[in-house]
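Next come the chains, spelled out residue by residue.
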Amino acid sequence: MNTEKVTARRLTAEEVSELGLQDAIFVSAETNGLPLDCCAPAFLTEPGKNFEGGSFTARTVFGEEVHVLPDNLEERGIWVADKAGEEIEVLRSAGVLLNLALFVPDGNKESLGALYSAAREAFGAGIVQRWSEETVEVPDVKVDLYEEPARGRKNTNNQNRDRRALDIYPTRVRFLEPSDGWKFVVEPHKEVVDDTPTI
């Protein structure tokens, strides 16, 4: 395993409750539910002040969710970098996995094959792999994407509506996420017409 030694200090539950979502921490490394004998960089999934008993939940940089009781000495706990602390083993990233959705105008097998070959040539044949491939016909249409409060009152005007993106293809909407507390509203694209009279 590719690990590095980091000097860190174990936090108590009270100290964790003062952390926010941006604070870098270390928790037990897991991958696909398999615990590893080291830690992984992580962040809390919600501010520590929201802790109401039970366990804190952290998400590692590898996308795994870990539930931790910091004061339970039988668990690995939650750690934060501190030069006055002790050395812990931290799992390092070996690289970045990209999930790509490629839109190929008038796409056919030849053009997709050329894209794959170019990527393998650029990064190496042993690096670029097709994990899964989904070929979907994309309609030649665009939509307008809005955000509005997830729990808005009915029969109100659209004061709270926020235009998130313009001229977007419906297939791209699948890969976007709304802001916290908001939901997406997708409508057929309408060209903006300027009715300002001219002289």
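Please read all numbers here as calculations on a predicted model, not as lab measurements. (Residues numbered from 1 in each chain as written. Predicted model: local features only at pLDDT ≥ 70, side-chain atom pairs only at ≥ 80, totals over all residues. Heavy atoms only, no water.)

Undergrad: I'd like to hear about the environment of Val128, residue by residue, with values.
TA: Mapped onto the fold, Val128 is located in the loop between helix 2 (109-123) and strand 8 (143-149). For Val128, a relative accessible area of 17% translates into the label buried. Each residue touching Val128, except ones within four places of it in the same chain, is listed here: Tyr116, Ala119, Arg120 and Phe123. (Helix = DSSP H or I, 4+ residues; strand = E, 2+ residues; numbered from the N terminus. Buried < 20%, exposed > 50% of the residue type's maximum accessible area, 1.4 Å probe, protein only. Contact = heavy atoms within 4.5 Å.)

Undergrad: Please set out the pattern of salt bridges residue by residue, giving values where relevant.
TA: Think of it this way: side chains of opposite charge can pair up when their charged atoms draw near. Taken as a whole and assessed by the stated rule, the structure comprises five salt bridges. Taking the shortest distance from any N to any O, the salt bridge between Arg9 and Glu15 comes out at 3.0 Å. Salt bridges here are not isolated pairs; linked through shared partners, they connect Arg9, Glu15 and Asp82. (Salt bridge = Lys/Arg side-chain N within 4 Å of Asp/Glu carboxyl O.)

Undergrad: A description of the pairing of strand 4 (residues 56-60) should follow, citing residues and the corresponding values.
TA: Burial runs high along strand 4: four of the five residues are buried. Sheet topology places strand 3 (residues 34-44) next to strand 4; three bridges connect them, and they run antiparallel. Residue pairing for strand 4: Phe43 is matched across the bridge by Arg59. For strand 4 and strand 5 (residues 65-68), the ladder comprises four bridges, and the chain directions are antiparallel. Directly across from Arg59, in strand 5, lies its bridge partner Glu65. Counting the residues in the hairpin turn of strand 4 and strand 5 gives four residues, including Gly63, whose phi is positive at 90°. (Pairing = 2+ DSSP bridges.)

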